[in-house]
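# Examination of the molecular architecture
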Amino acid sequence: MSQSPESDSGIGKVTTNRLRKMKERGEPIAALTAYDMIMARLLDEAGIDLILVGDSVSTVVQGLDTTVTVTMEHMVYHASLVRRGVERALVVGDLPFMSYQVNSDEALRNAGRMVKEAGVEAVKLEGGEWLGETIERIVRAGIPVMGHLGLMPQSIHKYGTYQVRATTSAEAEEVRRDALALEQAGVFAIVLEKVPRTLAAEVTASVSIPVIGIGAGPECDGQILVTHDMLGICTRFNPRFVRRYARLDQEMARAFHSYVGDVKSHEFPSAEESY
Ligand code: KIV
């Protein structure tokens with residue numbers, strides 16, 4: 001079924017404009033990540049508002065420890081799979097490490113690739129005030145941009161840890177300043193990761209664009225989690241902000257063990273499962 005591009009009923013296609021109206025109405029925005037078509041379709045059918053094709057693909061699909069080695073090719077490939085499964089949600093593609101930091105020409109070219117080759121409707125990048133000109137150019141070209149502040153996993157080698165950010169007044173002030181600068185540059189929303197909830201509440205109240213939190217408390221305009229974490233497929237990292245809505249790792253292990261047992265014991269396939 002095709003969706004009308006804009007409707008306030010909550011049924012039509014989610015746009016950046018709709019997300020802003022949701023903030024104005026105080027209606028929470030529900031966002032999750034996806035990396036393939038089937039997962040994206042299930043999320044879309046469940047009524048998710050925004051699907052992020054995150055560079056977290058590195059940790060939950062590629063089996064790596066950080067997001068820094070993900071390439072544009074990886075992101076374009078996964079985003080194109082996700083796009084096929086989605087009718088309603090807004091699809092946002094992460095720009096990977098070093099695809100937008102060198103200069104705004106490269107950033108614009110790579111943002112364009114995500115839209116033209118993968119079909120996403122917006123891109124996300126990590127960083128504050130210093131990305132102002134880059135964001136302005138991408139937005140001017142017609143591509144909505146989502147910012148990302150607080151814990152920025154692409155900077156893990158600078159931080160040396162995934163612990164909560166902005167616990168000092170200097171860093172908290174930087175987050176406040178960066179949020180205003182991102183809004184000024186034209187981002188349509190900001191992901192705010194792993195900062196104290198009081199700071200997240202302040203930032204959320206200080207901007208007119210939606211702030212979507214991950215480990216940033218309940219006062220944000222919306223919430224996002226990595227889907228493989230909330231499903232309990234990946235349980236290697238266990239930050240307290242991840243609520244496990246399922247333990248699919250256990251369910252999958254049970255199914256795989258049963259299958260191996262059934263094949264080994266000639267229980268599978270049965271006469272009914274044969275031609
Ligand atoms: O890559 C990702 O999945 C993200 C979310 C954690 C927001 O950036």
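Every residue gets a number counted from 1 within its own chain, in the order that chain's sequence is written. Predicted model: local features are reported for residues with pLDDT of at least 70 only, side-chain atom pairs are reported and counted for 80 or more only, and whole-chain, interface and lining totals are derived from all residues. Each side-chain value is worked out from all heavy atoms of the structure, with water and hydrogens disregarded.

Turning next to helix H11 (residues 248-264). For helices the rule is a DSSP run of H or I covering at least 4 residues; for strands it is a run of E covering at least 2, with both sets numbered from the N terminus onward. For a helix, the expected span equals 1.5 Å multiplied by the number of residues minus one. Look at H11: 24 Å from first C-alpha to last across 17 residues, which is about the 24 Å you get at 1.5 Å a residue. Residue His266 follows H11 closely and has a positive phi angle near 60°.

Turning to the packing of helix H8 (residues 169-185) against helix H9 (residues 197-206), a few remarks are in order. As a packed pair, H8 and H9 sit with axes 10 Å apart at the nearest point and diverge in direction by 25°. For the element pair H8 / H9, the angle class is roughly parallel. With respect to the hand of their crossing, H8 and H9 are arranged in right-handed fashion. Facing H8, whose interface residues are Ala172, Val175, Arg176, Ala179, Leu180 and Glu183, H9 presents Leu199, Glu202, Val203 and Ser206. The residue inventory of the contact of H8 with H9, partitioned by class, reads six nonpolar, one polar and three charged. Axis angles are defined between N-to-C directions and span 0 to 180 degrees, where every axis is a line fitted to C-alpha atoms and, for a helix, only to the segment in contact. Orientation categories follow fixed angle ranges, with anything under 35 degrees roughly parallel, anything over 145 roughly antiparallel, 65 to 115 roughly perpendicular, and all other angles oblique. Crossing chirality is assigned from the near helix's rotation relative to the far helix, an anticlockwise turn below a right angle marking it left-handed and a clockwise turn marking it right-handed. Here, two residues are considered to be in contact whenever any of their heavy atoms come within 4.5 Å of each other. As a working rule, the residues Ala, Val, Leu, Ile, Met, Phe, Trp, Tyr, Cys and Pro are called nonpolar, Asp, Glu, Lys and Arg charged, and the rest polar, with Gly in that last group.

Moving on to the site of the ligand. Residues are counted as near a molecule or strand when any one of their heavy atoms sits within 4 Å of it. Taken together, Thr33, Leu52, Gly54, Asp55, Ser56, Asp94, Lys124, His148, Val191, Glu193, Ile214 and Val226 are the residues near the ligand. What qualifies as a polar contact is a pair of N or O atoms within 3.5 Å, subject to a donor-acceptor requirement within protein and to the restriction that residues adjacent in sequence count only when both atoms come from side chains. Taking Lys124, its side chain carries an N or O atom lying 3.0 Å from an oxygen atom of the ligand. Surface exposure here means Shrake-Rupley accessible area, sampled with a 1.4 Å probe, where a residue is shielded only by the protein chains that are shown. Bound to the protein, the ligand loses 95% of the 260 Å² it would expose on its own. A breakdown of the residues in the shell around the ligand according to their chemical character gives four nonpolar, four polar and four charged.

Start and end positions for the domains come from either an automated domain assignment or a database one. Partitioning the chain into domains gives domain 1 (16-244) and domain 2 (250-275). Of note, the centres of domain 1 and domain 2, computed from C-alpha atoms alone, are 40 Å apart.

In this structure, Ile51, Met114 and Leu192 are the most contacted members of the largest nonpolar core, which totals 58 residues. Beyond its immediate sequence surroundings of up to four residues, Ile51 is in contact with Leu32, Thr33, Ala34, Ala40, Leu43, Asp44, Val82, Val86, Ala89, Leu90, Val91 and Val92. Residue types Ala, Val, Leu, Ile, Met, Phe, Trp, Tyr and Cys, when buried and joined through side-chain atoms within 4.5 Å, form a set referred to as a nonpolar core. Think of it in three bands: residues with accessible area under 20% of the maximum for their type are buried, residues over 50% are exposed, and the middle band is partly exposed, with areas taken using a 1.4 Å probe on protein chains only.

Here we take up the sheet that holds strand E3 (residues 90-94). An order of E1-E2-E3-E4-E5-E6-E7-E8 is seen for the eight strands of this closed barrel, with the pairing classed as parallel. The mean angle between the axes of side-by-side strands here comes to 25°, regardless of whether they run parallel or antiparallel. DSSP bridges decide pairing: two strands pair if at least two such bridges lie between them. Of the strand pairs in this sheet, strand E5 (residues 145-150) and strand E6 (residues 189-193) are connected by five bridges, and their pairing is parallel. Bridge pairing in E6 links Gly150 to Glu193. On top of the sheet, H8 reaches E5 and E6; it is set at about 175° to E5, its chief contact.

Turning our eyes to something else, we now look at H8. Relative to the 24 Å expected for 17 residues at 1.5 Å per residue, H8 spans 24 Å between its end C-alpha atoms, a close match to the ideal helical length. If you check which residues of H8 are buried, you get Glu171, Ala172, Val175, Asp178, Ala179, Ala181, Leu182 and Ala185. Looking at the buried side of H8, the elements it contacts are helix H6 (132-140), E5, E6 and H9.

In this fold, Ser104 is placed in helix H5 (residues 104-118). Residue class for Ser104 comes out buried when judged on its relative accessible area of 9%. Looking at Ser104, its side chain comes within polar contact range of the side chain of Arg137, at 2.8 Å. When neighbours within four sequence positions are excluded, Ser104 is seen to be in contact with Glu133, Thr134 and Arg137.

Relative to each other, H5 and H6 sit at 40°, their axes nearing to 9 Å. Accordingly, the angle class assigned to the pair H5 and H6 is oblique. In this structure, H5 crosses over H6, and the sense of that crossing is right-handed. Together, Ser104, Asp105, Ala107, Leu108 and Ala111 of H5 and Glu133, Thr134, Arg137 and Ile138 of H6 make up the contact between the two elements.

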